[in-house]
Amino acid sequence: MGGPHRAVLLALCLLLMLSGARSQRASCALWCPPNSKCDSATTCRCDPGFSSFGEIITSPTEFCDDINECAPPATVSCGKFADCQNAEGSYYCMCSPGYELAAGGKTFRNESENTCQDVDECQQNRRLCKSPGICVNTQGSYTCLCPLGFEFKPEDPKQCTDVNECSLKQNPCHNTTHCLNTVGGYKCRCRPGWKPIPGSPNGPNNTVCEDVDECSLEQNPCHNTTHCLNTVGGYKCRCRPGWKPIPGSPNGPNNTVCEDVDECSLEQNPCHNTTHCLNTVGGYKCRCRPGWKPIPGSPNGPNNTVCEEMSFPSWTRPSGVSSKTLSHFFDKVEDLGRDFKPDSAKNTIQNLIMFVDELLEASGDLEVQNLSTRHHIASYLLLGLEEVLSILAQALPEPSFTYHSPSNTELSLMIQEQEEHGDRNVTVGQSQARMQLNWAVAAQDKDSGPTVVGILSSLNMQRLLANASLDLEAKKKDKLEEIHRSLIHGAQLKVLSAVNTVFLSNRNTKNLSLPVTFAFSHLPETPGPRQELICAFWEYDNDTGGHWATTGCQTLGSRNGSTTCRCSHLSSFAILMAHYNVQDPTLALITKVGLAFSLVCLLLCILTFLLVRPIQSSRTTVHLHLCICLFVGSAIFLAGIENEGGQVGLRCRLVAGLLHYFFLAVFCWMSLEGLELYFLVVRVFPGEGLSTRWLCLIGYGTPGVIVGISAAVNSQGYGRVLYCWLEPTNGFLWSFLGPVTVIILCNAVIFVITVWKLTQKFSEINPNMKKLKKARMLTSTAVAQIFVLGSTWVFGLFLFDPRSWVLSYIFSILNCLQGFFLFLLHCLLNKKVREEYWKWVCLVTRSKYSEFSSTTSATSHQTQVGDVPGQGCRNGRCPQRQLRPHWLLPLQALRPSESSM
């Protein structure tokens, strides 16, 4: 039952509601205007956001108007960078143009919702501004700017255009430059013919220029017939003084061409009547006529040179020389000067040369003058001829002159004006000499008249210059000493060519700017050993009168009797054959005399060892062969040591080999003597040594083996260019010095041992004093011998530099005295030898023999010598048996005895 009742109740409620609405609608005014609502049956009320004249609308004529919430006084605040926008019946907020909400929306209702921020239009649209304008973002908007040098076009505010700074009223550049407009700027450039001042860069208003001097540039812009004239910002080409423009050639850069003006062809001669006019390129000169000279103080120049007739140059006789022949010559020269006329200059030159020839050919008392005076006279004549001939040549009318005298003296001259010869070479000469030089070297200076070049060749001048010395320059001397490996002790000279005197207008010829080349003819002669063809000049000397020298001259070559030279100065020249003295004359004399004396002493030693029988023993055999080897070696040295041919031939190599062999043999025999002494004292005291056969085998075989090996290894080492001895290069000399050094050292050791043993023997209890004293005497003699022979070659060992004259003299003197020392040691200091010599003297002079020896010694001596006891020299007479020739006894039969030890 509850369900049906509930449904009824719901239906009743619905009906009641519908009935109430109908009743209400029936009570509301139906005339309410738009945007309003019925308030009652008679009134209406405007909707929110609208308003009317009153709050309640009571009349149908009233209406509801929209309320503008954004209009002032503003009742709504949208906040910063936002604008209020009214809507019908409402409003909303929007960001101002150029701004946007951070969240990206479009509208909002109030300030609390405001998140407006600036929009960068330049990033959003890069083409907002037209090129080359620059877009610049601003707060809420953007703006377009033009770069520097641009401005907006009046017709298009967004379009930039270039500003022409150069067209402005105020020129932005310096007044020395011109303005050059560029896109967006300008440049200041130097005008043509101007250049920036250093440190002034090209740029707006900071470039400052200066004029360019085109005439000072390396490449002259004008023609070579004009001279350049610089102007501000340019240049002009003007004709030089004495030149004129070629017709049709205007004045202007590089197009003006000029030609020389011949002043001498003008109607009015510009020169003095004592001169002649000589046209030159761009001018003229006034020259004296041939045979005339400028008056002192009158320079060469246009219309101011005045000349006078030339006179013979002064040439007086030399002072301090007493010679009738020379005085007669200068008398002729004075007569020649008094009669001199410029027109006869040619005859005067010829006569002067003939006078000189007569003086030299018939020298008369000049030959008796001493050497220094003759050389003084020669120097005076050569210098005088140079000066006189150079002056007289200027009076010759012809440009060249040659003269050949009857005495074969030749003269060649060439004369030219400086303007004619220019800077070129000239060749002057004749059959005896030729010379090539540059005209600029011959000319004295500018505007000094004609230039003279001459050469005088005189064969007769050789007589006065005979026996002159040669002064070699240091470099030349060092080179010769290096070639010949010896000191140069002067030279012997032979003049092969004529004496050629060279003279020029230029008197300052000691150091020429350009060298002069000569070709001298001479007698064909081939240089021999230590000889050389040299080009020398005569140098004046106050002390000796003069000498030959080679400084500044170089010999280029010689062929077919002609030698070519080049010199940096001028004088009197000649070709000499120089024979250089590579030996010291004093040292050579000492060597030859000393060796001859040594040979005599060695021969006496050999005869003594053969003939004096009391001293013969094995040691005598050693001494005999030592002296024989030294005698043969010294004889070969004296006869054949010098290599005269200059070429190392078979003879020289054979001599060097023999010297090598015999001098080694000398030292081998000396070593055998030391060995004999060793056997005598140390080993078998007393006893026998080596047999004669072994002595000869060692003494002659050992040096033969050494020489054989040396010759097989290097046969070219025998012989030098100057001497027939061993070549020091590649150490070949040590094939001699090495064995000699070893022998000397070994003998020294043996002698030290011997002396030590002798000292021990003397300290024994019962020494044999007689034998010990004799052994001591033999040892002293052997030591002295090795000192004499050894010390000689010790100095020779250190004589590596032949220019060491001290060692050379010591070595030569000791070497020459070897024979004498051996004769002194083994003969003169030997008592038995002296007694035998005295007997020989008795036999020759038939005088009584003096008994200066002891009885025992005499008896023993007579027994040994006379072979008959008690028989000797009595009453000045010696028995014939004593003269038995002992040298006939074979050496092999000789045996050492106790009495002759």
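Residues numbered from 1 in each chain as written. Predicted model: local features only at pLDDT ≥ 70, side-chain atom pairs only at ≥ 80, totals over all residues. Heavy atoms only, no water.

Participant: Quick question: what am I supposed to make of the overall build of the protein chain here?
Facilitator: Within the protein chain, the secondary structure is distributed over 18 helices and 40 strands. The buried share of the protein chain, reckoned over its 901 residues, is 42%. Restricting the contact set of the protein chain to residue pairs at least 6 apart, pairs at least 24 apart contribute 55%. If you sum the accessible surface of the protein chain, you get close to 48300 Å²; carbon and sulfur atoms cover 57% of it. (Helix = DSSP H or I, 4+ residues; strand = E, 2+ residues; numbered from the N terminus. Buried < 20%, exposed > 50% of the residue type's maximum accessible area, 1.4 Å probe, protein only. Contact = heavy atoms within 4.5 Å. Areas by Shrake-Rupley, 256 points an atom, 1.4 Å probe, with all protein chains shown as cover.)

Participant: Explanation requested: a nonpolar patch on the surface in the structure shown.
Facilitator: On the surface, Val-600, Leu-603, Leu-604 and Leu-607 cluster together into a nonpolar patch covering about 320 Å² of accessible area. Looking at where Leu-603 falls in the secondary structure, it is placed in helix H9 (residues 585-611). (Patch = residues over 30% accessible without salt bridge, like charges linked within 9 Å, V, L, I, M, F, W, Y side chains within 5 Å. Salt bridge = Lys/Arg side-chain N within 4 Å of Asp/Glu carboxyl O.)

Participant: Just checking my understanding: could you explain the packing of aromatic side chains for this structure?
Facilitator: Two measures describe an aromatic ring pair: the distance that separates the ring centres and the angle between the ring planes. For the coordinates displayed, the defined rule picks out 20 aromatic pairs. Their ring planes at 15° and their centres at 5.3 Å tell us that Phe-518 and Phe-520 sit as a pair that is stacked. For Phe-518, a relative accessible area of 1% gives the class buried. For Phe-520, a relative accessible area of 0% puts it in the buried group. Grouped by ring-pair contacts, the aromatic residues Trp-315, Phe-329, Phe-330 and Tyr-380 constitute a single cluster. (Phe/Tyr/Trp six-rings, centres within 6.5 Å; stacked < 30°, edge-to-face > 60°.)

Participant: Please explain the pairing of strand E6 (residues 82-87) as it appears in this structure.
Facilitator: Sheet topology note: the E6/strand E7 (residues 90-95) ladder contains six bridges and is antiparallel. In the strand pairing of E7, Gln-85 is matched with Tyr-92. Joining the antiparallel neighbours E6 and E7 is a turn of two residues, in which Gly-89 adopts a positive phi near 80°. (Pairing = 2+ DSSP bridges.)

Participant: When you look at the pattern of salt bridges in this model, what are you seeing that I'm missing?
Facilitator: Pairs can form between side chains of opposite charge once their charged atoms are near each other. As enumerated under the stated definition, the model contains eight salt bridges in all. Here Glu-334 makes a salt bridge to Arg-317, at a shortest N to O gap of 3.5 Å. With Glu-334 in helix H3 (residues 324-338) and Arg-317 in the loop between strand E26 (307-309) and H3, the pair connects residues that are 17 residues apart, well separated along the chain. Note on Arg-317: relative accessible area 33%, which makes it partly exposed. Among the salt bridges present, the one from Lys-494 reaches Glu-525, with a minimum N-O distance of 3.3 Å. Residue Lys-494 is found in strand E33 (residues 491-495), and its partner Glu-525 is found in the loop between strand E35 (516-521) and strand E36 (531-539); the two are separated by 31 residues along the sequence. Taken together, the shared-partner salt bridges connect Arg-317, Asp-331 and Glu-334 into one network.

Participant: It is not clear to me how the packing of H3 against helix H4 (residues 345-361) should be interpreted in this structure. Could you clarify?
Facilitator: The description of two packed helices rests on the angle between their axes and on the distance between the axes. At their nearest, the axes of H3 and H4 sit 10 Å apart, and the two run at 175° to each other. Taken together, the axes of H3 and H4 lie roughly antiparallel to each other. When H3 is examined against H4, the residues Thr-325, Leu-326, Phe-329, Lys-332, Val-333 and Leu-336 are found in contact with a partner set consisting of Thr-348, Asn-351, Leu-352, Phe-355, Val-356, Glu-358 and Leu-359. Tallied by class, the residues present in the contact of H3 with H4 amount to eight nonpolar, three polar and two charged. (Axes fitted to C-alpha atoms, helices over the stretch in contact; angles between N-to-C directions. Parallel < 35°, antiparallel > 145°, perpendicular 65-115°, else oblique. Nonpolar A, V, L, I, M, F, W, Y, C, P; charged D, E, K, R; others polar.)

Participant: Where do I start with the sheet that holds strand E4 (residues 56-57) in this structure?
Facilitator: Strand pairing within a sheet occurs via backbone hydrogen bonds; the two strands may be parallel or antiparallel. Pairing in this open sheet of three strands is antiparallel, and the strands run E1-E2-E4 from one edge to the other. The outermost strands of the open sheet, each flanked by one partner alone, are strand E1 (36-38) and E4. Here E1 runs beside strand E2 (residues 44-46); their pairing, made up of three bridges, is antiparallel. Within E2, the residue paired with Cys-38 across the bridge is Cys-44.

Participant: Help me understand the sheet that holds strand E38 (residues 553-559) in this model?
Facilitator: The sheet built from five strands is open, its strands ordered E29-E30-E35-E39-E38 with antiparallel pairing. Both edges of this open sheet fall to strand E29 (425-429) and E38, since each of them pairs with a single strand only. Taking the axes of each pair of neighbouring strands and ignoring which way they run, one obtains an average angle of 15° across the sheet. Pairing of E29 with strand E30 (residues 433-438) involves five bridges; the strand directions are antiparallel. Bridge assignment links Val-426 to a residue of E30, and that residue is Leu-437.

Participant: Can you help me understand the state of the cysteines in this one?
Facilitator: Two cysteines, two sulfur atoms, one covalent bond between them: this is a disulfide. In the structure shown here, the tally under the stated rule is 19 disulfides. One disulfide bridge connects Cys-146 with Cys-160, the sulfur atoms lying 2.0 Å from each other. Disulfide Cys-146-Cys-160: torsion about the S-S bond near -100°, hence left-handed. Of the two residues, Cys-146 is situated in the loop between strand E12 (141-145) and strand E13 (150-153) and Cys-160 in strand E14 (residues 156-162); the sequence distance between them amounts to 14 residues. One disulfide bridge connects Cys-239 with Cys-258, the sulfur atoms lying 1.8 Å from each other. When the S-S torsion is -85°, as for the bridge of Cys-239 with Cys-258, the disulfide is left-handed. Taken together, the positions of Cys-239 in strand E20 (residues 234-239) and Cys-258 in strand E22 (residues 258-260) put the pair 19 residues apart, joining distant regions of the chain. Accessibility expressed as a relative area gives 17% for Cys-239, which makes it buried. Taking relative accessible area as the criterion, Cys-258 reaches 4% and is therefore assigned buried. The thiol of Cys-629 is not disulfide-bonded; the next cysteine sulfur, from Cys-668, is found 8.8 Å away. On the basis of relative accessibility, which here comes to 0%, the residue Cys-629 falls in the buried class. (Disulfide = S-S within 2.5 Å.)

Participant: Honestly, the nonpolar core in this entry has me stumped. Any pointers?
Facilitator: Note that soluble globular proteins tend to have their nonpolar side chains buried in a common cluster. The biggest cluster of nonpolar side chains holds 53 residues, and the ones touching the most others in it are Trp-315, Phe-329, Ile-349, Leu-411, Leu-413 and Trp-548. Once residues within four sequence positions are removed from consideration, Leu-411 is found in contact with Ile-349, Ile-353, Leu-389, Phe-401, Thr-402, Tyr-403, Ile-455, Leu-456 and Phe-503. Of all hydrophobic cores here, the second largest spans 47 residues; its members include Val-612, Leu-733, Cys-827 and Tyr-837. (Core = buried A, V, L, I, M, F, W, Y, C linked by side-chain atoms within 4.5 Å.)

Participant: Please explain the side chain of His-522 as it appears in this structure.
Facilitator: Within the secondary structure, His-522 sits in the loop between E35 and E36. The class of His-522 is buried, set by a relative accessible area of 11%. For His-522, the side chain forms a polar contact with the side chain of Thr-563, separated by 2.7 Å. Not counting residues up to four positions away in its chain, the partners in contact with His-522 are Leu-496, Ser-497, Leu-533, Ser-558, Gly-561, Ser-562, Thr-563 and Ile-575. (Polar contact = N/O pair within 3.5 Å; in protein donor to acceptor, adjacent residues only side chain to side chain.)

Participant: It is not clear to me how the packing of helix H16 (residues 818-828) against helix H17 (residues 831-845) should be interpreted in this structure. Could you clarify?
Facilitator: Packing of H16 against H17 leaves a shortest axis separation of 7 Å and a crossing angle of 90°. Looking at the two axes, H16 sits roughly perpendicular to H17. For the pair H16 and H17, contact is made by Phe-823, His-826, Cys-827 and Leu-828 and by Val-833, Arg-834 and Tyr-837, respectively. Taken together, the residues of the contact of H16 with H17 break down into five nonpolar, one polar and one charged.

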